[in-house]
Every structure is written in structure tokens, then in C-alpha cells.
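Coordinate inspection notes
Here are the chains, one letter per residue:
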Amino acid sequence: EEETPETITVTITKGTGTDEVTAAMKGERVNLTANVPEGQEFTGFLVTTTVEDGEESDDIDFVTTNEEGTTAYFLMPDCDVTVTPTYQSYNITVDETKDGTVKPDKTTAAVNETVTLTITPDENYALDELIVSKAAAEGAEEQETVPVTVDVDKATFTMPASDVTISATFKRVY
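Cut-offs applied
- Residues numbered from 1 in each chain as written.
- Predicted model: local features only at pLDDT ≥ 70, side-chain atom pairs only at ≥ 80, totals over all residues.
- Heavy atoms only, no water.
- Pairing = 2+ DSSP bridges.
- Helix = DSSP H or I, 4+ residues; strand = E, 2+ residues; numbered from the N terminus.
- Core = buried A, V, L, I, M, F, W, Y, C linked by side-chain atoms within 4.5 Å.
- Buried < 20%, exposed > 50% of the residue type's maximum accessible area, 1.4 Å probe, protein only.
- Contact = heavy atoms within 4.5 Å.

Here we come to the sheet that holds strand E10 (residues 100-104). Read from one edge to the other, the open sheet built from 4 strands follows the order E10-E12-E16-E15, with strand pairing classed as antiparallel. Edge strands, defined here as strands with exactly one partner in the open sheet, are E10 and strand E15 (149-150). Judged from the 5 bridges that link them, E10 and strand E12 (residues 114-121) form a sheet pairing that is antiparallel. From the neighbouring strand, Thr101 faces E12, where its bridge partner is Thr120.

Below is the structure:
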């Protein structure tokens, strides 16, 4: 009786195409193509393997096949593989606030990613002003602001291609 070759799991995260490969046999070539979202700057693939004891490793022979690095391949090892495309991300900083807090749902974000802010005024205070500013461009006289949608205790904005600083002021209400 012929033995069926064992297939190994390939997990692709964040919408990266591999011609929809989800399993491969040891030694089989797995092709990767990054479907880069509009406005994002692709920085590479993070390829990790999971060996039997659950430990992760990035020890895999990985070959890029174009100058941008958006296409690549690897030969399937004898363990599960997870592939994650990576993109340029930018820092989110919150200035110190008085009479309340503003907390972003992340400390870095890629271009066009939605950032959600949780707004918590102290008792007897309400949000007065919320400003999200892009990092000042070299030679610019003032910082450019980012449009923010504010709801009662949450706010959202779309991450620009720069670091941002969030500043908020709260006013006393009776």
C-alpha cells in the first residue's frame, strides 16, 4: 500500500497571496506574493516556523524574486509555517493631559490603518479639544493636523504616512 505524503500547514496572515496555498509537502516550493494595500509601504515578509514543541523560529531559507521584495518563495520545511507581510509603521504619541485621558488602541500603525482613541474625562470634565498632528516636515513652519471623527467617548482617525502626536484638553462641566 502506498503511503500518502504528509502535508504541513502554511498560515498566511494579513491578506498575502500564495496562490491560496494552505498546506504543502516537505520540500515543496511555496510562492508568495504580497498584495500591498494602497498607500502602504511594504517592508518584507516575516516567516516563522513552529516546530513540534510549539517553539517558533525564523530559521528558513527564503528567497525574494523581485527588487521590491513583494514576491518570494521558500521550500517547505518539516513543520508548520506562518507568513506575515510587514509594512512601514509610524509612531503614535499622546501628549500628557490634565483632567482626563486619551488612549490609542495601538502605539504604532501603518498608513491608512484606522486608529481608535478612548477618551475618558475625569469627573465633572468633558473633552474640549482633540488634535492629531503629523510630525512636522523638515522646513515646515507648523504641523499639519489629521481629520478626527469624535464620538462621545471614542475618536478615530486614519493613520497618515508619518508619526503623529495626539493632544487633548478637557473643560470643567457642572
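Moving on, we get to the nonpolar core. Leu117, Leu130, Phe157, Met159 and Ile166 are the most contacted members of the largest nonpolar core, which has 18 residues in total. Of all the elements in the fold, those that place two or more residues in this core are strand E9 (89-94), E12, strand E13 (125-134), strand E16 (154-158) and strand E17 (164-172). Counting residues per element, this core draws most heavily on E17, at 4 residues. Excluding its chain neighbours within four sequence positions, the residues that come into contact with Leu130 are Val102, Leu117, Ile119, Val148, Val150, Ala155, Ile166, Ser167 and Ala168. Counting residues in each nonpolar core, the second largest holds 15 residues, with Ala24, Phe74, Met76 and Ala110 among its members.

Quick look at unusual backbone geometry now. The phi angle at Asn112 is positive, at roughly 70°, despite the residue not being glycine. Looking at the element boundaries, Asn112 is found in the loop between strand E11 (108-110) and E12. Positive phi outside glycine occurs at Asn124, with the angle close to 70°. Position of Asn124 relative to the elements: it lies in the loop between E12 and E13. Classification of Asn124 by relative accessible area gives partly exposed; the value is 39%.

Any functional reading would require information that these geometric values do not contain.
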